[in-house]
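For reference, the chains in residue letters:
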Amino acid sequence: QGKAALRMTCLLICRLLDLLLLMPISSKDRCIIYKNWERDALMFNSETIQKFIPHRPPFLFVDQITACTPFESVQSILTLQSEAWYFQGHFPHNPVFPGVLSLECMGQTGAFLMTYSCNQPWDSKNIYLMSIDNAKFRHAAKPGDTLNCTIKLVRQKGNIFKLYGEVFVDTVLVCSAYCMMMMSE
């Protein structure tokens, strides 16, 4: 359903371009526009992410959104910088990214999915973590690693969202959990 909506939006834009430019866009060009748009449209940087969630550095744990299908799933990345504050005391001689911050990364990515899906900037809504279930920590993340976070919507009832998240470094699962989040005025 997400790809179909994206294709329809692209076709609408191409049709508008047809009308504005008074020259038709070939089907080959439409295909190129669609593929490029599909690839590039949902690459949100930190500045754009901050329009959808209230978190700010040094407590922002999402560097980039790499894919998002509203009311379905979202993917984000976070690069762990060796000089980051959380590595200074966790642990000085063997720095490890704290597991609770992996959960925070999942929560912030999930909050983005919620606000983006509802087309609500964060300043008009508050997002609260209600519960975390079945959190499992499988592997340690270290300085220099890039965390890949995937969040899937399990179900939504009104303003309450149940999400499932996984965090990977490359193909190695770091942690996974279910969480319940609420969006309110």
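These lines cover the structure that appears in this document, whether it is placed above or below.

Criteria and thresholds
- Residues numbered from 1 in each chain as written.
- Predicted model: local features only at pLDDT ≥ 70, side-chain atom pairs only at ≥ 80, totals over all residues.
- Heavy atoms only, no water.
- Helix = DSSP H or I, 4+ residues; strand = E, 2+ residues; numbered from the N terminus.
- Buried < 20%, exposed > 50% of the residue type's maximum accessible area, 1.4 Å probe, protein only.
- Contact = heavy atoms within 4.5 Å.
- Areas by Shrake-Rupley, 256 points an atom, 1.4 Å probe, with all protein chains shown as cover.
- Pairing = 2+ DSSP bridges.
- Axes fitted to C-alpha atoms, helices over the stretch in contact; angles between N-to-C directions.
- Disulfide = S-S within 2.5 Å.
- Phe/Tyr/Trp six-rings, centres within 6.5 Å; stacked < 30°, edge-to-face > 60°.
- Lys NZ or Arg CZ within 6 Å of the ring centre and 35° of its normal.
- Core = buried A, V, L, I, M, F, W, Y, C linked by side-chain atoms within 4.5 Å.
- 1 Å grid on protein atoms, 1.4 Å probe; cavity = no way out; pocket = protein on both sides within 12 Å on 5 of 7 lines; lining within 4 Å.
- Points joined across faces, edges and corners; volume = space filled by probe spheres on them.
- Nonpolar A, V, L, I, M, F, W, Y, C, P; charged D, E, K, R; others polar.

### Examining the overall build of the protein
Across its full length, the protein holds five helices and six strands. For the protein, buried positions account for 35% of its 185 residues. Considering only contacts in the protein between residues 6 or more positions apart, those separated by 24 or more positions represent 61%. Per element, the accessible surface of the protein, about 10,700 Å² overall, is 58% carbon and sulfur.

### Some points on the pairing of strand E5 (residues 160-169)
Sheet topology places strand E4 (residues 146-157) next to E5; ten bridges connect them, and they run antiparallel. Residue pairing in the sheet places Lys 152 in a bridge with Tyr 164 of E5. Between E4 and the antiparallel strand that follows it, E5, lie two residues; Gly 158 among them carries a positive phi value of about 65 degrees. With ten bridges joining them, E5 and strand E6 (residues 172-184) adopt antiparallel strand pairing. Directly across from Val 169, in E6, lies its bridge partner Val 172.

### A short note on the environment of Pro 70
Tracing the sequence through the fold places Pro 70 in the loop between strand E1 (64-69) and strand E2 (73-79). Since its relative accessible area comes to 39%, Pro 70 is described here as partly exposed. Spatially, the C-alpha atom of Pro 70 lies 9.3 Å from that of Leu 153, the residues being 83 residues apart in sequence. Apart from residues lying up to four places away in sequence, Pro 70 is in contact with Leu 113, Tyr 116 and Ser 117.

### Remarks on the sheet that holds E6
The six strands are arranged E1-E2-E4-E5-E6-E3 in an open sheet whose pairing can be described as antiparallel. Two strands close off the open sheet at either side, each with one partner strand: E1 and strand E3 (126-137). Ignoring which end each strand starts from, the neighbouring axes of this sheet average 20 degrees apart.

### Focus on the state of the cysteines
Counting across every chain of the model gives zero disulfides. The thiol of Cys 179 is not disulfide-bonded; the next cysteine sulfur, from Cys 149, is found 9.2 Å away.

### Focus on the packing of aromatic side chains
In this structure the tally under the stated criterion is 14 aromatic pairs. Relative to Tyr 86, the ring of Trp 85 has its centre 5.3 Å away and its plane inclined at 75 degrees; by these criteria the two rings are edge-to-face. The interplanar angle of 65 degrees and the centroid separation of 4.9 Å between the aromatic rings of Tyr 86 and Phe 87 together place this pair among those described as edge-to-face. Feature note: the residues Phe 59, Phe 61, Trp 85, Tyr 86, Phe 87 and Phe 97 constitute an aromatic cluster, connected by ring pairs. Sitting over the face of the ring of Tyr 178, Lys 162 holds its NZ or CZ atom 5.2 Å from the ring centroid.

### Side note on the nonpolar core
Counting 39 residues, the largest nonpolar core has Phe 97, Phe 112 and Leu 163 as the members making the most contacts within it. When residues of this core are traced back to their parent elements, those giving at least two are E1, E2, helix H4 (85-88), helix H5 (99-117), E4, E5 and E6. Sort the elements by how many residues they give to this core and H5 lands first, with eight residues.

### A short note on the layout of surface pockets
Where empty space is left becomes clear once a probe the size of a water molecule has been rolled over the atoms. If you add up the space inside the second largest pocket, you get close to 230 Å³. What lines the second largest pocket is a set of 17 residues, and nearest its centre among them are Glu 104, Gly 107, Gln 108, Leu 129 and Met 181. At the level of secondary structure, the elements contributing two or more residues to the lining of the second largest pocket comprise H5, E3 and E6. In terms of residue count, the dominant contributor to the lining of the second largest pocket is H5 (seven residues). Of the residues assigned to the lining of the second largest pocket, the class counts are 13 nonpolar, three polar and one charged.

### Details of unusual backbone geometry
A negative phi holds for most residues other than glycine; trans holds for most peptide bonds. Residue Pro 57 is joined to Pro 58 through a cis peptide bond whose omega torsion reads 10 degrees. Across the junction of His 90 and Phe 91, the peptide omega takes the value 0 degrees, indicating a cis bond. Assignment of secondary structure puts Phe 91 in the loop between H4 and H5. The backbone phi angle of Phe 71 is positive, close to 60 degrees, even though this residue is not glycine. Position of Phe 71 among the secondary structure elements: in the loop between E1 and E2. In this model, Asn 134 sits at a positive phi of 55 degrees, which is unusual for a non-glycine residue. As for its placement among the helices and strands, Asn 134 is situated in strand E3. Look at Asn 134 and you get exposed, because its relative accessible area is 52%.

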